[in-house]
Amino acid sequence: MRNRTQPESSSSSSSASKSEPRATDEQIKTSSNDSIHVSSAKRSGLVWTVVFATLICASYGVYYYQYEHMPPPLTAEQAGRRGFSELEAMKHVKALTQLGPHAVGSDALDRALQKHSSCASLGSAFESKLENMFSVTLTCSSPQYVLAASQKIKESKHWEADVEVDFFHAKSGANRVGTGVFKGKTLIYSDLNHIVLRILPKYASEAGENAILVSSHIDTVSAGEGAGDCSSCVAVMLELARVMSQWAHEFKNAVIFLFNTGEEEGLNGAHSFVTQHPWSTTIRVAVDLEAMGIGGRSALFQAGPNLWAVENFAAVAKYPSGQIIGQDLFASGVFETATDFQVYTEVAGLSGLDFAYTDKSAVYHTKNDRLDLLKPGSLQHLGENMLDFLLQTASSTSIPKGNAVEEEGKTVHETGVYFDILGKYMVLYHQHFANMLHNSVILQSLLIWTASLVMGGYPAAVSLALTCLSAILMLVLSISFSVVIAFILPQISSSPVPYVASPWLTVGLFAAPAFLGALTGQHLGYIVLKAYLANQYSKRMQLSPVHQAALVKLEAERWLFKSGFLQWLILLALGNYYKIGSTYMALVWLVPPAFAYGFLEATLTPVRLTRPLKLATLLLGLAVPVLVSAGNIIRLANVLVATLVRFDRNPGGTPEWLGNVIFAVVIAVVSCLTLVYLLSYVHLSGAKGPIAFASFILVGLSIIMVSSGIIPPFSEETARAVNIVHIVDASGKFGGKQEPSSYIALYSATPGKLTKEVEQIKEGFVCGRDNVIDFVTSSMKYGCLTDDNSEGGWSQSDIPTIHVNSDTVDTEGNENERITQVSIDMKGAKRLTLAINAKEIEDFTFKVGSEELVPRDAKSSIYGWHIIEFSGGKNAASKFEIALYWAKNSTRTAGNSNGKEKQQPLVKLRTDFDRLTPKTERVLSKLPPWCSLFEGSISSQPLSFLNSLPVNF
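Conventions and cut-offs
- Starting from 1, residues in each chain are numbered consecutively following that chain's sequence as written.
- Two thresholds apply to this predicted model, a pLDDT of at least 70 for residue-level local features and 80 or more for giving and counting side-chain atom pairs, whereas whole-chain, interface and lining totals are computed over all residues.
- Water and hydrogen atoms were dropped before computing side-chain values, which therefore reflect all heavy atoms in the structure.
- In this description, a nonpolar core means a group of buried Ala, Val, Leu, Ile, Met, Phe, Trp, Tyr and Cys residues linked to one another through side-chain atoms lying within 4.5 Å.
- Only protein chains enter the accessibility calculation, which uses a 1.4 Å probe; a residue whose area is less than 20% of its type maximum is buried, one above 50% is exposed, and one in between is partly exposed.
- Contacts: residue pairs with any heavy atoms within 4.5 Å of one another.
- Two strands pair if DSSP finds at least two bridges between them.
- Under the DSSP-based scheme used, a helix requires at least four consecutive residues in state H or I and a strand at least two consecutive residues in state E, with every element numbered from the N terminus.
- Axis lines are fitted to C-alpha atoms, over the contacting stretch for helices. Their N-to-C directions set the angle, which ranges from 0 to 180 degrees.
- By convention in these notes, a salt bridge is any Lys or Arg side-chain nitrogen within 4 Å of a carboxyl oxygen on Asp or Glu.
- The criterion for a disulfide is a pair of cysteine sulfur atoms lying within 2.5 Å.
- For each structure, a 1 Å grid was placed over the protein atoms alone; sets of points admitting a 1.4 Å probe that cannot get out are labelled cavities, open sets with protein on both sides within 12 Å along at least five of seven lines are labelled pockets, and lining residues have an atom within 4 Å of a point.
- Grid points are joined across faces, edges and corners, and a volume is the space filled by probe spheres set on the points.
- Note on aromatic contacts: the rings of Phe and Tyr and the six-membered ring of Trp form a pair at centre separations within 6.5 Å, being stacked when their planes are under 30 degrees apart, edge-to-face when over 60 apart, and tilted otherwise.
- Two conditions define a charge sitting above a ring: the NZ of Lys or the CZ of Arg must be within 6 Å of the ring centre, and it must be within 35 degrees of the ring normal.
- Grouping into patches uses exposed residues only, defined as over 30% relative accessible area, and leaves out salt-bridged ones; the cut-off is 9 Å for like charges and 5 Å for nonpolar side chains (Val, Leu, Ile, Met, Phe, Trp, Tyr).
- Only the protein chains shown count as covering a residue, and every accessible area follows the Shrake-Rupley method with a 1.4 Å probe.
- Pairing of N or O atoms within 3.5 Å defines a polar contact, subject to two protein rules: one partner must be a possible hydrogen donor and the other a possible acceptor, and residues neighboring in sequence count only if both atoms are side-chain atoms.
- Every helix has an expected span of 1.5 Å times one less than the residues it contains.

The protein chain goes by Peptidase M28 domain-containing protein in an unreviewed UniProt entry, where it is assigned to Citrus sinensis.

Below you can see the structure in the form of structure tokens.
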């Protein structure tokens with residue numbers, strides 16, 4: 001076979017070659033006297049290690065600047081009357097947290113919100129705080145905290161602005177959202193109070209016809225004071241309202257600030273406002289402020305459906321922060337939570353923005369959601385962004401009137417892609433443009449790959465297949481190595497998740513094994529690819545074994561680098577097909593490396609032999625991907641670690657290792673996708689051994705620290721989420737005179753046994769899986785119970801009752817339809833969770849007094865149950881009438897009382913009191929400092945009563 005010759009290298013290519021460490025040219029004389037230049041297949045291990053370390057440092061630098069770097073807090077003097085001051089907003093946070101936990105129905109919420117109450121209940125210290133803060137003298141009939149702040153804003157407004165303050169009492173209502181964590185549930189509320197503040201120009205009354213809503217919730221869960229969730233949001237809104245009242249004379253649209261209650265009980269505050277308040281009909285855009293942690297940068301994580309709001313935000317925000325990937329994850333249900341934004345989009349049909357604080361997510365809904373953990377600059381960041389946005393939109397004449405656009409005669413929702421770069425710039429483009437861009441890149445990539453395979457023939461196709469094998473081996477081994485650690489951790493540590501308080505441990509426990517697996521997998525693929533290429537080169541060229549081996553290594557290196565193009569191209573195609581907004585990440589990881597490779601490495605000269613990949617190709621190719629995505633990847637890892645604190649919503653219902661395995665798989669997949677380019681450079685260097693050894697040492701040290709307990713799994717700041725509930729169980733005793741059972745239950749949403757906690761509490765708890773407790777919407781499958789009959793702190797009069805008023809068959813109306821009328825008395829509780837057996841009952845109605853809140857219609861069910869959740873204020877109703885319409889295929893017809901077969905109850909319920917019994921209080925006083933009470937939406941409060949109605953009543 002005639003040898004291919006290479007022309008003499010140009011000066012530019014020679015200099016590029018000389019810049020490569022230890023990559024020298026050697027001249028080979030062949031039988032035909034042609035000269036071929038073959039580069040030595042060596043690369044400095046030190047240089048590769050330095051590049052690796054540089055990329056790690058750059059990634060952390062991007063994360064720090066994007067998420068940790070905060071704007072300086074401004075004083076009132078620095079901000080001026082028309083500027084936002086964090087120090088002024090912080091006064092509101094301090095005052096609200098001073099009240100302690102203020103859940104719906106609590107006295108503390110009344111003090112934060114109520115129009116009138118006893119001043120004596122506040123105490124002289126808090127009264128003095130209010131007087132100093134707002135320069136008002138409190139009397140027994142004066143408004144209290146949020147209302148007082150709103151009135152102060154009204155008094156200090158610009159003379160050409162109009163500020164209206166409305167203390168809004170919402171009547172009873174029913175809320176049924178169609179998606180998310182509350183999907184399939186009927187949420188009923190009563191006696192909710194909100195404060196609504198509207199700002200508009202005094203001499204332009206038409207501005208009130210179009211309004212921008214800014215909303216957050218005053219209520220907290222009963223487990224914490226709510227400094228982050230969401231007193232910080234309320235404080236930002238109060239300071240924003242003060243500032244906006246100085247600008248309102250220039251507005252074309254009104255701005256409404258809604259301080260609602262009932263969000264923690266199922267988004268009820270937002271629902272009651274949009275369905276009952278007269279101002280709700282004027283709202284065109286809704287902005288929701290939330291917190292799933294405490295402080296940090298408040299990031300945009302939901303936007304749309306119309307892009308008008310996010311376009312204005314991106315154009316004017318001083319510190320733009322937002323990622324479409326958060327919206328995709330939230331919509332997928334990865335995070336089991338919901339915000340008022342869901343009500344504004346689904347029920348009210350509005351478009352808008354949803355912001356959330358996500359720093360220190362482990363403290364969410366615990367006692368550690370406290371003021372001292374609120375990072376300085378957090379309120380300034382959100383406040384200045386929102387001020388810029390509101391000034392822009394309130395002065396706009398193009399505010400949308402709906403949430404949809406017209407396209408070819410059809411009403412469709414707009415969607416878009418948005419992400420920030422370093423928290424300084426926001427990129428935004430429409431999904432239509434994204435589709436064109438993605439399709440263009442996919443088409444060009446396929447054309448390039450097709451041309452390459454046609455030119456390379458069968459050997460190129462086989463090499464491509466082996467390259468795919470290398471990527472598969474990377475993924476399989478990376479997942480395997482990290483998952484092994486995930487299974488080991490519960491066996492060697494006191495907690496299955498020993499890294500929650502120290503997230504940096506995940507680098508050694510998961511990232512290092514994933515890296516080792518990826519390196520091993522790619523190296524195995526490299527060996528197989530070398531073997532095939534060596535066989536091909538031996539047939540095509542007559543070279544010495546040394547030079548042939550060098551060419552084979554260089555060619556294999558290039559194929560491994562190009563495997564990154566292929567895997568990101570596949571992800572780009574899939575994301576584009578399913579219209580996933582965060583598909584831009586695949587675009588970013590495909591185009592810049594491919595451009596760098598084409599610009600610095602590719603050649604159209606067929607006779608040129610393979611040369612080592614330039615380090616410039618790697619650095620140029622990874623600069624943009626690291627800049628755009630490194631911060632997001634690190635942030636996502638931190639949030640995922642924090643969510644493990646409340647991972648097991650049905651304690652004991654999931655294996656202890658499951659959270660570790662999920663996290664390990666995520667880390668392994670991300671590692672393989674992002675390291676594919678970098679690792680392709682390591683095989684020609686001497687760095688493989690030292691890097692692998694260092695990774696092993698890192699894994700070993702991390703395991704030693706975990707197993708020895710040197711690094712505790714939890715701390716006082718990042719605590720284990722536990723629940724301590726005094727349960728009075730009267731279920732199964734319908735119509736009888738049996739005494740209810742009473743006991744204290746200790747359980748945890750954090751995976752792992754409670755042995756260590758019980759040993760410290762010493763109150764006779766027995767732990768295990770023997771006694772499953774059904775909390776109606778959740779269950780305790782592992783926990784600890786006291787074996788004594790705890791009677792103090794409750795009485796028989798607290799037990800909710802279920803009474804069957806009538807059980808008839810309608811022979812005239814609807815084919816012998818059976819209807820059972822049931823009345824329920826909550827006995828003073830302000831929270832009810834009710835489940836109706838969907839196998840027996842196909843429909844129901846729900847009445848409060850004479851008002852039918854839930855009519856008969858098509859009801860959905862969850863796991864075979866119709867779920868009703870009720871909550872309300874201090875004056876909420878406590879007695880209800882329910883009509884049950886039996887299914888035609890019910891297991892029991894009227895008059896048939898065959899109770900031999902064990903059945904699920906017809907109705908089961910739970911009522912909750914935010915009251916501590918003596919035994920519960922004693923257990924709480926002994927709770928270890930690394931534990932904290934956790935409360936999710938509609939979860940059990942400290943005193944719960946269980947009751948049920950059997951099918952064969």
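*Asks:* Which residues make up the nonpolar core, and what are the values?
*Replies:* By size, the foremost hydrophobic cluster in this structure holds 107 residues, and its most contacted members are Phe257, Leu289, Leu353 and Leu390. Not counting residues up to four positions away in its chain, the partners in contact with Leu390 are Ile212, Val214, Leu240, Met244, Val255 and Phe257.

*Asks:* I'd like a description of the sheet that holds strand β22 (residues 801-810), backed by residues and values.
*Replies:* Taken in spatial order, the five strands line up as β22-β23-β28-β25-β26 in an open sheet, and their pairing is antiparallel. The open sheet is flanked by β22 and β26 (851-854), the only strands paired with a single partner. Across the sheet, the mean angle separating the axes of adjacent strands is 25° when strand polarity is ignored. Relative to β26, strand β25 (residues 841-848) runs antiparallel, the two sharing three bridges.

*Asks:* Any chance you could break down the sheet that holds strand β7 (residues 211-217) for me, citing the residues and the numbers?
*Replies:* Judged by pairing direction, the sheet is mixed, and its seven strands sit side by side in the order β3-β6-β8-β7-β9-β11-β10 without closing on themselves. Edge positions in the sheet fall to β3 (161-170) and β10 (299-304), since each has one partner strand and no second. Sheet twist, expressed as the mean angle between neighbouring strand axes with direction ignored, is 15°. Bridging between β7 and strand β9 (residues 283-291) involves five bridges; their strand directions are parallel. Among the inter-strand pairings, Ala211 is bridged to a residue of β9, identified as Ile283. Across the sheet, helix α8 (residues 227-247) lies against β3, β6 (192-201), β7, β8 (254-260), β9 and β11 (351-357), angled at about 135° from β9, the strand it touches most.

*Asks:* Describe the pattern of salt bridges, and please don't skip the residues or the numbers.
*Replies:* This model, assessed by the stated rule, comprises 29 salt bridges. Where Asp359 meets Arg635, a salt bridge forms, and the shortest distance between an N and an O atom there is 2.6 Å. Of this pair, Asp359 sits in the loop between β11 and α13 (378-394) while Arg635 sits in helix α18 (residues 615-643), and the two are 276 residues apart along the sequence. A salt bridge links Asp372 to Arg370; the shortest N-O distance between them is 2.6 Å.

*Asks:* So, the state of the cysteines: which residues are in play, and what are the values?
*Replies:* One pass over the structure, following the stated rule, counts two disulfides. Across the disulfide from Cys230 sits Cys233; the S-S distance is 1.9 Å. Disulfide Cys230-Cys233: torsion about the S-S bond near -45°, hence left-handed. Note that Cys230 and Cys233 are positioned in helix α8 at a spacing of three residues, about one turn of the helix. Taken individually, Cys230 and Cys233 each receive the classification buried, so the pair is uniform in this respect. What pairs with Cys767 in a disulfide is Cys784, and their sulfur atoms sit 1.9 Å apart. Looking down the S-S bond of the Cys767 and Cys784 bridge, the torsion is 100°, so its handedness is right-handed. Of this pair, Cys767 sits in strand β18 (residues 765-768) while Cys784 sits in strand β21 (residues 783-786), and the two are 17 residues apart along the sequence. Regarding the disulfides, the protein chain carries the connectivity 1-2, 3-4 under sequence-order numbering of its bonded cysteines.

*Asks:* Lay out empty space enclosed by the protein in plain terms, naming residues and giving numbers.
*Replies:* Under the defined criterion, the tally for this structure stands at three cavities of 30 Å³ or more. For the largest cavity, the lining is made up of 15 residues, of which Asp648, Gly652, Pro751, Gly752 and Tyr782 are closest to its centre.

*Asks:* Provide a residue-level description of the packing of aromatic side chains, including the pertinent values.
*Replies:* Enumeration over the complete set of coordinates arrives at 26 aromatic pairs. Centroid distance Tyr499 to Phe510: 5.3 Å. Interplanar angle 85°. Geometry classified as edge-to-face. Remark: Phe510 occurs in helix α15 (residues 505-540) and Tyr499 occurs in the loop between α14 (431-492) and α15; sequence separation between them is eleven residues. The two residues Tyr499 and Phe510 agree in class, both being buried. Of note, Arg82 hangs over the ring of Trp247, and the distance from its end group to the ring centre comes to 3.6 Å.

*Asks:* I'd love a proper account of a nonpolar patch on the surface, names of residues and values included.
*Replies:* A cluster of nonpolar side chains, namely Ile570, Leu571, Leu574, Tyr577, Tyr578 and Ile580, defines an oily patch on the protein surface of about 630 Å² accessible area. In this structure, Tyr578 sits in the loop between α16 (545-577) and α17 (584-600).

*Asks:* Which residues make up unusual backbone geometry, and what are the values?
*Replies:* The peptide bond linking Asp229 to Cys230 adopts the cis configuration, its omega dihedral lying at 0°. With an omega dihedral of 0°, the bond running from Gly304 to Pro305 counts as a cis peptide bond. In this structure, Leu422 takes a positive phi of about 60° despite not being glycine. Its identity is not glycine, yet Lys579 carries a phi of approximately 55°, on the positive side. On the basis of relative accessible area, Lys579 is assigned to the partly exposed category, the value being 47%.

*Asks:* Explain the side chain of Ser44 to me, and be specific about the residues and the numbers.
*Replies:* Locating Ser44 in the fold gives a position in the loop between β2 (35-39) and α2 (45-68). A distance of 3.2 Å separates a polar side-chain atom of Ser44 from the backbone nitrogen of Val47.

*Asks:* Break down the side chain of Ser470 for me, with residues and values.
*Replies:* Within the secondary structure layout, Ser470 lies in helix α14. The contacts of Ser470, once residues within four sequence positions are left out, are Gly521, Gln522, Gly525 and Leu560.

*Asks:* Give a description of α16 that names residues and reports values.
*Replies:* In this model, α16 (33 residues) spans 48 Å end to end at C-alpha, consistent with the 48 Å of a helix rising 1.5 Å per residue. The buried fraction of α16 amounts to 24 of the 33 residues, a majority that puts the element mostly inside the structure. Looking one or two residues beyond α16, the residue adopting positive phi is Lys579, at roughly 55°.

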